[in-house]
Amino acid sequence: MTFTSTRAALTAATAALAFFAAQGVASADPQAKWCSGVKIAAFPGGPQGGVFANNVYNGFRQAEADLGPEVTYYFSDWDPNKMLQQIQQAVATKVDGIATYGFAGEPAPGPVVDQAFAQGTIFTTLNTSLPDSQKKYAAQGFGYVGAPNYAAGFALASEAAKRANLQQGDSVFVWGLKGQGGDRGQRTVGVIDAFEKAGAKVIYQEIDSATNADPNAGTATFVGVMGANPGIKIVVTDHGGLTSNVGVYAKAASLQPGQVYFAGFDMSPNTAQAVKEGFQNLVIDQQPFLQGYIPILNICLTKKFGFSGLDINTAGAFVDATNVDAVAPLAAVEIR
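The present account deals with the structure reproduced in this document. Note that the coordinates shown come from a computational prediction; the quantities given were computed from them, not determined experimentally.

**A few points about the pairing of strand E10 (residues 280–284)**
For step 1, the next point in the chain: The element E10 is extensively covered by neighbouring structure, given that four of its five residues are classed as buried.
For step 2, the next point in the chain: Relative to E10, strand E9 (residues 261–265) runs parallel, the two being bridged by four bridges. By the bridge assignment, Ala263 is partnered in E10 with Leu282.
For step 3, the next point in the chain: In this view, the connection linking E9 to its parallel neighbour E10 by way of helix H12 (residues 269–277) has right-handed handedness.

**Describing the side chain of His239**
For step 1, the next point in the chain: Residue position: His239 is located in the loop between strand E8 (232–237) and helix H10 (240–244).
For step 2, the next point in the chain: Overall, the relative accessible area of 6% leaves His239 in the buried class.
For step 3, the next point in the chain: Within the local environment of His239, its side chain forms a polar contact with the side chain of Asn212, the two groups lying 2.8 Å apart.
For step 4, the next point in the chain: At a separation of 2.9 Å, a polar atom in the side chain of His239 contacts the main-chain amide nitrogen of Gly241.
For step 5, the next point in the chain: Excluding residues within four positions of it along the chain, His239 makes contact with Trp78, Leu177, Arg184, Arg187, Ile207, Asn212 and Phe265.

**Let's talk about the packing of helix H6 (residues 149–163) against helix H7 (residues 182–197)**
For step 1, the next point in the chain: Between H6 and H7, the least distance of the axes is 7 Å, while the angle of their chain directions is 30 degrees. Comparing the axis directions of H6 and H7 gives the class roughly parallel. Judged by the twist between their axes, the crossing of H6 over H7 is right-handed. Note on element contacts: H7 touches H6 through Asp183, Gln186, Arg187, Val189, Gly190, Val191, Asp193, Ala194, Phe195 and Lys197, opposite Asn149, Tyr150, Gly153, Phe154, Ala157, Ser158 and Ala161.
For step 2, the next point in the chain: Taken together, the residues that form the contact of H6 with H7 break down as eight nonpolar, five polar and four charged.

**Some remarks on the pattern of salt bridges**
For step 1, the next point in the chain: Counting across every chain of the model gives twelve salt bridges.
For step 2, the next point in the chain: Of the charged contacts in the structure, one is a salt bridge between Glu159 and Lys162, with a shortest N-O distance of 3.4 Å. Of this pair, Glu159 and Lys162 both sit in helix H6, three residues apart, which is roughly one turn of that helix.
For step 3, the next point in the chain: A salt bridge links Arg163 to Asp320, with the shortest nitrogen-to-oxygen separation between them at 2.6 Å. Of the two residues, Arg163 sits in helix H6 while Asp320 sits in the loop between strand E12 (318–319) and helix H14 (324–331), which places them 157 residues apart along the sequence.
For step 4, the next point in the chain: Taking relative accessible area as the criterion, Arg163 reaches 37% and is therefore assigned partly exposed.
For step 5, the next point in the chain: Here the salt bridges do not stand alone but share partners, grouping Glu159, Lys162, Arg163 and Asp320 into one network.

**What to know about the environment of Leu84**
For step 1, the next point in the chain: If you trace the backbone, Leu84 turns up in helix H3 (residues 80–92).
For step 2, the next point in the chain: Sequence separation between Leu84 and Val112 is 28 residues, and the spatial gap between their C-alpha atoms is 8.8 Å.
For step 3, the next point in the chain: With sequence-adjacent residues up to four places away left out, Leu84 is seen in contact with Ala108, Pro109 and Val112.

**Topic: the sheet that holds strand E6 (residues 171–176)**
Sheet strands line up and pair through hydrogen bonds in the backbone, either parallel or antiparallel.
For step 1, the next point in the chain: With respect to topology, six strands assemble into an open sheet ordered E7-E6-E8-E9-E10-E12, the strand pairing being mixed. The sheet is open, and its two borders are formed by strand E7 (201–206) and E12, each paired with just one other strand.
For step 2, the next point in the chain: In terms of strand pairing, E8 meets E9 through four bridges, oriented parallel. By the bridge assignment, Thr237 is partnered in E9 with Gly264.
For step 3, the next point in the chain: Strand contacts of H7: E6, E7, E8 and E9, with the helix running at about 175 degrees to E6, the strand carrying the most contacts.
For step 4, the next point in the chain: The strands touched by helix H9 (residues 219–228) within the sheet are E6, E7, E8 and E9, with E6 carrying the most contacts at an inclination of about 160 degrees.

**As for the environment of Ala152**
For step 1, the next point in the chain: Summarising the element assignment, Ala152 is placed in helix H6.
For step 2, the next point in the chain: According to the relative accessible area criterion, Ala152 is buried, its value standing at 8%.
For step 3, the next point in the chain: Residues Ala152 and Gly190 lie 38 residues apart in sequence; the distance between their C-alpha atoms is 7.3 Å.
For step 4, the next point in the chain: If we ignore the near neighbours within four places in the chain, the residues touching Ala152 are Ala147, Phe265 and Ile284.

**A short note on H3**
For step 1, the next point in the chain: The first and last C-alpha atoms of H3 sit 18 Å apart over 13 residues, in line with the 18 Å expected at 1.5 Å per residue.
For step 2, the next point in the chain: Every buried residue of H3 is accounted for by Met83, Leu84, Gln86, Ile87, Ala90 and Val91. With its buried residues spanning 165 degrees around the axis, H3 presents them on a single face. For H3, the exposed residues lying more than 90 degrees away from the buried face are Asn81 and Ala92.
For step 3, the next point in the chain: Summarising the contacts, the buried residues of H3 are in contact with strand E1 (39–45), strand E2 (70–75), strand E3 (97–100), helix H4 (110–118) and strand E4 (122–126).

**Considerations on the side chain of Asn127**
For step 1, the next point in the chain: Turning to its location among the elements, Asn127 is positioned in the loop between E4 and helix H5 (131–137).
For step 2, the next point in the chain: Within the structure, the side chain of Asn127 is placed 3.2 Å from the side chain of Gln291, a separation counted as a polar contact.
For step 3, the next point in the chain: Ignoring any residue separated from it by four or fewer positions in sequence, one finds Asn127 in contact with Phe52, Tyr101, Phe103, Tyr144, Val145, Gly146, Ala147, Asn149, Asp183, Gln286 and Gln291.

Definitions and limits used
Residues numbered from 1 in each chain as written. Predicted model: local features only at pLDDT ≥ 70, side-chain atom pairs only at ≥ 80, totals over all residues. Heavy atoms only, no water. Buried < 20%, exposed > 50% of the residue type's maximum accessible area, 1.4 Å probe, protein only. Helix = DSSP H or I, 4+ residues; strand = E, 2+ residues; numbered from the N terminus. Pairing = 2+ DSSP bridges. Right-handed = clockwise from strand over helix to strand, strands pointing away. Polar contact = N/O pair within 3.5 Å; in protein donor to acceptor, adjacent residues only side chain to side chain. Contact = heavy atoms within 4.5 Å. Axes fitted to C-alpha atoms, helices over the stretch in contact; angles between N-to-C directions. Parallel < 35°, antiparallel > 145°, perpendicular 65-115°, else oblique. Left-handed = near helix turned anticlockwise from the far one by under 90°. Nonpolar A, V, L, I, M, F, W, Y, C, P; charged D, E, K, R; others polar. Salt bridge = Lys/Arg side-chain N within 4 Å of Asp/Glu carboxyl O. Expected span 1.5 Å × (residues − 1). Arc of directions from axis to C-beta.

Following this line, the structure appears as structure tokens:
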């Protein structure tokens, strides 16, 4: 931490203490719906009802119910351009806070972040970080809730390579979002780097916009890649929606359980079922419910009490056939 960031953090802490002192001891007493009156724009990602977005949405909704803010939801179909336009719309409404993904890296959303904080709107990220903006505005409430994406990608591929006994020259198929750039693209880069370090031949396929929004749209792509490369030993789906569809892809490509080692990101009911059926072998979970809940809490704490941004690593443990029965019921829970 630099001297400047340390001084900023201390300034924020001093301001928070001064606030509590001004409010008196009663301000620290427990209160129901203590974030009432705060208006927040929250971005589950999308599409509406999609497996990962739904888990984030459940976290948002639970925080809304627990804390009492007024939350408006924006579903973006995992389209960074659409999300950026919606963020700009949210800033224009002058909400108190925005909880969103840091897709596409710093250049596009950076000026919007500046505009938000200039008008008093707290901006914080989930799942995908904006590290430069976070460093700039951490003392004013900019936080991050999610996994360290490059490290998560590298860890998943390394574990898959070990468990599948990957050998020098073996072929692996990585289906990811390297082209998005920024922190989101870095997760795919981490997967590729780990496989290349292991000496594998990496066959890479960028997830197109149609498949990004609807995993079923990628079935023909998967069948085509597997048909053209019959020696593929490991498949990594760097996308929660695609990981949830592994059973569909494998059956469409006439693969038997265990014939190819599948590894991917994020738990869902369909993913749990694929693990039980033997199609999905390894999943790394990043606890998307927390990626929804904690950013709302972050905004409320900053708005009401002057707290600085929360930085929370949600990278969970690996899920496989040995522990899926304990995880599956939790992945299926919905907040209504």
